[in-house]
Amino acid sequence: MRSKAKRLAATSVAIVTAATVLAGCSGSSGSGSGADGDTLTLWTHNAGNAAEYKVVQQIVDDFNASQGKYKVRIQAFPQGSYNDAVVAAASARKLPCILDADGPNVPNWAWGGYLAPLDMSGSETAVADQLPSTVGTYDDKLYAFGHYDVALTMFARKSVLQAHGIRIPTIDRPWTADEFTSALAALKASGTFEHPLEMGTGGSGEWWPYAYSPQLQSFGGDLVDRSDYKSAKGALDGPEAVAWATWFRSLVTDGYMAQKGGSSPNDDFLNGKSAIEWDGSWDAAKNAEKLGDDLAILPPVDFGQGPKIGGASWQWGMSATCGNKAGAQEYLKFSRKTQYFVDFAKATGTIPATAAASAQIPGYQPGGPYEVFTQEARKFAVVRPVTPAYPYVSSVFEKTAKDILAGADPKKALSQAADQIDANLKSNNYYAG
Amino acid sequence: MATTPTPAPGPRRRTLRRIPGHLLRSALALLFVFPVVFMLISSFKPDQQIFADLGSIKAFLPVGQLSLDNYTAVFDRVPAGRFLLNSIVISAVTVVLGIVVNSLAAFALSRMRWPGRRLLLVLIIATLIVPFETFALPLVWWVNKLPWLELNGFHLALTEGWLDTYRVQILPFVANAFSVFLFHQYFQSIPKELDEAARMDGASWFGIYRRIVMPLSGPAVATVAILTFLPMWNSYLWPLMVVQDENLRPVMVGIQYFFQLNVSWGQIMAYSTMITVPVLALFLAFQRSFINSIASSGVKG
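Residues numbered from 1 in each chain as written. Chains lettered and ligands numbered in written order. Predicted model: local features only at pLDDT ≥ 70, side-chain atom pairs only at ≥ 80, totals over all residues. Heavy atoms only, no water.

Each helix and strand counted, chain B has 14 helices and two strands in total. A compact globule built from 301 residues would reach a C-alpha radius of gyration of about 19 Å, whereas chain B, at 26 Å, exceeds it by more than 25%. Across its three principal axes, chain B shows a C-alpha extent of roughly 85 × 65 × 35 Å. Taken over 301 residues, chain B has a buried fraction of 38%. Restricting to contacts in chain B with at least 6 residues of sequence separation, those with at least 24 account for 68%. When the accessible surface of chain B is split by element, carbon and sulfur atoms take 69% of a total near 17500 Å². If you average the places of the 23 positive and of the 14 negative side-chain charges in chain B, the two averages end up 18 Å apart. (Helix = DSSP H or I, 4+ residues; strand = E, 2+ residues; numbered from the N terminus. Rg over C-alpha atoms; globule rule 2.2 N^0.38 Å. Buried < 20%, exposed > 50% of the residue type's maximum accessible area, 1.4 Å probe, protein only. Contact = heavy atoms within 4.5 Å. Areas by Shrake-Rupley, 256 points an atom, 1.4 Å probe, with all protein chains shown as cover. Lys, Arg positive; Asp, Glu negative; His and termini not counted. Charge placed at Lys NZ, Arg CZ, Asp CG, Glu CD.)

Along the backbone of chain A there are 16 helices and 16 strands. The buried share of chain A, taken over its 433 residues, is 54%. Here the contacts in chain A between residues at least 6 apart in sequence split such that 76% fall between residues at least 24 apart. Accessible surface, chain A: about 17700 Å² in total, of which carbon and sulfur atoms supply 52%. Here chain A contributes 38 positively and 44 negatively charged side chains, and the mean placements of these two sets differ by 10 Å.

All names here are of chain A. Pairing in this open sheet of four strands is mixed, and the strands run 10-11-9-12 from one edge to the other. In the strand order of this sheet, the two ends are held by strand 10 (197-198) and strand 12 (295-298), each with one partner. Bridge count for strand 9 (residues 152-157) against strand 11 (residues 276-280) is five bridges, and the pairing is antiparallel. Note that in strand 11 the partner of Thr 153 across the bridge is Asp 279. (Pairing = 2+ DSSP bridges.)

How large an interface is tends to be reported as the accessible area lost when its parts come together. Residue-level contacts link 29 residues of chain A with 23 residues of chain B. For the chain A and chain B pair, buried surface summed over both sides reaches about 2400 Å², with 54% attributable to carbon and sulfur atoms. Inspection of the chain A/chain B interface yields six residue pairs in polar contact (both at pLDDT 80 or more). Those elements that place two or more of their residues in the side of chain A that touches chain B are helix 1 (2-26), strand 3 (71-76), helix 3 (79-91) and helix 9 (265-270) of chain A. In terms of residue class, the side of chain A that touches chain B is built from twelve nonpolar, twelve polar and five charged. (Buried area = accessible area lost by both parts, 1.4 Å probe. Polar contact = N/O pair within 3.5 Å; in protein donor to acceptor, adjacent residues only side chain to side chain. Nonpolar A, V, L, I, M, F, W, Y, C, P; charged D, E, K, R; others polar.)

Residues and elements named next belong to chain A. In this fold, Thr 134 is placed in the loop between strand 5 (115-116) and strand 6 (135-138). Judged by relative accessible area, which is 1%, Thr 134 ranks as buried. A polar atom in the side chain of Thr 134 sits 2.6 Å from the backbone oxygen of Leu 131. Among residues more than four places away in sequence, those in contact with Thr 134 are Ala 144, Phe 145, Gly 146, Tyr 148, Asp 149, Gln 315 and Ala 353.

Residues and elements named next belong to chain A. Along its sequence, chain A is carved into domain 1 (35-149 + 313-383) and domain 2 (152-310 + 389-431). Placing the centre of domain 1 and that of domain 2 at their C-alpha centroids yields a distance of 28 Å. Each partner contributes residues to the interface: domain 1 has 20 residues there, and domain 2 has 23 residues. Of the roughly 1800 Å² buried at the junction of domain 1 and domain 2 (both faces included), carbon and sulfur atoms supply 63%. There are one salt bridge connecting domain 1 and domain 2. (Domains from an automatic or database assignment. Salt bridge = Lys/Arg side-chain N within 4 Å of Asp/Glu carboxyl O.)

Positive phi values are uncommon outside glycine, yet Ala 312 of chain A reaches one of about 85 degrees. For Ala 312 of chain A, a relative accessible area of 9% gives the class buried.

Angle between the axes and distance between the axes are the two parameters that describe a pair of packed helices. All names here are of chain A. Two elements in contact, helix 15 (residues 390-405) and helix 16 (residues 410-427), have axes separated by 10 Å at closest approach and are oriented at 165 degrees. In terms of orientation, helix 15 lies roughly antiparallel with respect to helix 16. Two packed elements cross with a definite hand, and for helix 15 against helix 16 that hand is right-handed. Between helix 15 and helix 16, the residues in contact are Tyr 392, Val 393, Val 396, Thr 400 and Ile 404 and Pro 410, Ala 413, Leu 414, Ala 417, Gln 420, Ile 421 and Asn 424, respectively. (Axes fitted to C-alpha atoms, helices over the stretch in contact; angles between N-to-C directions. Parallel < 35°, antiparallel > 145°, perpendicular 65-115°, else oblique. Left-handed = near helix turned anticlockwise from the far one by under 90°.)

Residues and elements named next belong to chain A. One can describe the packing of helix 7 (residues 207-219) onto helix 15 by two numbers: an axis separation of 10 Å at closest approach and a directional angle of 75 degrees. In terms of orientation, helix 7 and helix 15 fall into the roughly perpendicular class. The segment helix 7 lies against helix 15, with Trp 208, Pro 209, Tyr 212, Ser 213 and Leu 216 engaging Tyr 390, Ser 394, Phe 397, Glu 398, Ala 401, Lys 402 and Leu 405.

Residue and element names in this part refer to chain B. Under the present numbering, the feature "transmembrane region" (unreviewed entry) in UniProt falls on residues 22-41, 83-107, 119-143, 166-187, 208-233 and 268-286. Structurally, residues 166-187 is divided into 68% helix and 0% strand, and its ends, taken at the C-alpha atoms, are 32 Å apart. Here residues 268-286 runs as 100% helix and 0% strand, with 28 Å between its end C-alpha atoms. (UniProt positions renumbered as here; feature names shortened; annotations may be inferred.)

Annotation from UniProt places "domain: ABC transmembrane type-1" (unreviewed entry) at residues 84-286 of chain B. Helix makes up 65% of residues 84-286 of chain B and strand 6%, with an end-to-end C-alpha separation of 21 Å.

This next bit is on the state of the cysteines. Here a disulfide denotes a covalent bond joining the sulfur atom of one cysteine to the sulfur atom of another. Residue and element names in this part refer to chain A. By the definition in use, this model includes one disulfide over all chains. Bridging Cys 97 to Cys 322, the disulfide has an S-S length of 2.0 Å. Because the sign of the S-S torsion sets the handedness, a value of about 80 degrees for the bond joining Cys 97 and Cys 322 places this disulfide among the right-handed ones. Residue Cys 97 is found in the loop between helix 3 and strand 4 (98-102), and its partner Cys 322 is found in the loop between strand 14 (314-319) and helix 11 (325-334); the two are separated by 225 residues along the sequence. Exposure class is identical for Cys 97 and Cys 322. Each is buried. (Disulfide = S-S within 2.5 Å.)

Residue and element names in this part refer to chain A. Core analysis: the largest hydrophobic core is formed by 82 residues, its most contacted members being Phe 180, Tyr 212, Trp 244, Phe 248 and Ile 276. Residue contributions to this core peak at eight residues, all from helix 8 (residues 239-253). When residues of this core are sorted by domain, at least three fall in each of domain 1 (35-149 + 313-383) and domain 2 (152-310 + 389-431). (Core = buried A, V, L, I, M, F, W, Y, C linked by side-chain atoms within 4.5 Å.)

Okay, here's the thing in structure tokens:
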């Protein structure tokens, strides 16, 4: 019995050792990832988003048919888990060759060595012709480009505003802070709306900095001091930022806005639960279809430093570990045809990144109902801080803004947030190199 | 003073006395059923209506514009059939392997006499304290290095890394401390005299396991089946980390497909209904054995 057990143990050890040794020999530790010869892998965040996915599929099909050398294969991920998948793949050195990235993450991914700089010269559309917010640069190098952008905006019903004697603002004459407050007061006083304003405070994640940091900027504050990206002090906890936080909280204490909005703010707006909705251009077509001419698309409020909206949406780049960079660049150049800029914007109801594409999209041509979004993107867009620290800044801001809305002392909360961001910047040696 | 014996409560009074208990139980049952009813009913309504009905009892009633639109849309958005199939394969294989492996381990720990078996049982049970999240990342690192033999034409080839496979979603979850413990406790309740009689008749240990102990352990098998199936069906974090290929994803990862700029709640309800039904069916099928086993595990021994 005992000798039997010994034999078994010896055999097991031998098998495991052999397997490990052999595995070591055959390990496919090539020089790059995401390419098997001339077959390149492409990752996109569009699983479950059929409209946008179809355009990606179309470009890939066209590219594969247009030449015989390279072949691109798509791998789609649902948006909610996309960033985690990329980060996990980067640590396992298994990134694809071509991938899309949410604009504000581009500097971090470039700094972290996920993305490689691009050379898009010779493509049909020049990078210089794009809306600036659709170009992802870091350290003066191009790392990513997008086919579209989105714009924050307010939706309302013209009939409701008129019935309460509220002026309908325009791009050239947006509401001032005072006008906005009296509009909310009038709507609240009518008794029709428990909370006249819906700003999507039931959401989470990147929506928070995307939606509310432009308001902070319009007050005169910012997420970090952009002169050298070395501190958030002054920008995030200065008097302007405190004024913003106080105003933000007052929306709740005055009963103008719910501390936590609904799960589907746009449906609530369409159902007449709220009068003014702070939302994005992506809901414009749906709202126009339901409300027709009654729909009012309003520019953001000017809180002092002019109206502001966030810039940058999804953009395409190439991984630094890509095993076939020539093929990846070839594909990315191919994807820069005006036709594709048009297709993306049409499919997703977003703002095309070039004027040439805008001219071909109903509603976005000069004078069209959605031209306002292109103008907003040109005039009011502020990209999120171009620093590798952005993902951290974003999460700190989300938490702080939620605390403020829940009643935390504005000055204290903001000063603590600025301290945390400064500590992160310092402990990462200001993300140098 | 003559005392008359108090009459036993008549059937009527007994019924009356039971009413409050029944009411309480019905209220509790409703409380538990409401979310499922809401899910089912909402799966037939357009998004805007779901939110319009939220404030009233209408949320639980099939009123308004009902249609199967959400269900058709689910199939446009998610390869739902593929995901269901994947989850069925992954869960079923894990359940079957789990029953075999864990019951064998428990058999050795409970029936065979060898030094160190008590210590080993304690160590196995001790692993229950460690939450999965704490070792998920090291596990990813490991499975990314593990070798596997693959038949490549007529050659056996050794490959490295288990990412993007079914086995990476199955094998780490086969051995399960709680299942071993459950089988162990149940086996303890089966009289050892049966083994001795079988040994006398010349049965091998495996024969005793297969012909005597396992056939007597129906409720334990049912319990382990359910307790293995549920977390496998619901697994989300692990497949997210180790599977990049869409064709191998399980159902729960599919939920993420609906969270776009505009969340399609009606479709989420339809998809949730589709992926909840198999679990409900399985539970109903095993319900009796499950309850028996839970009820008896504390008494026997």
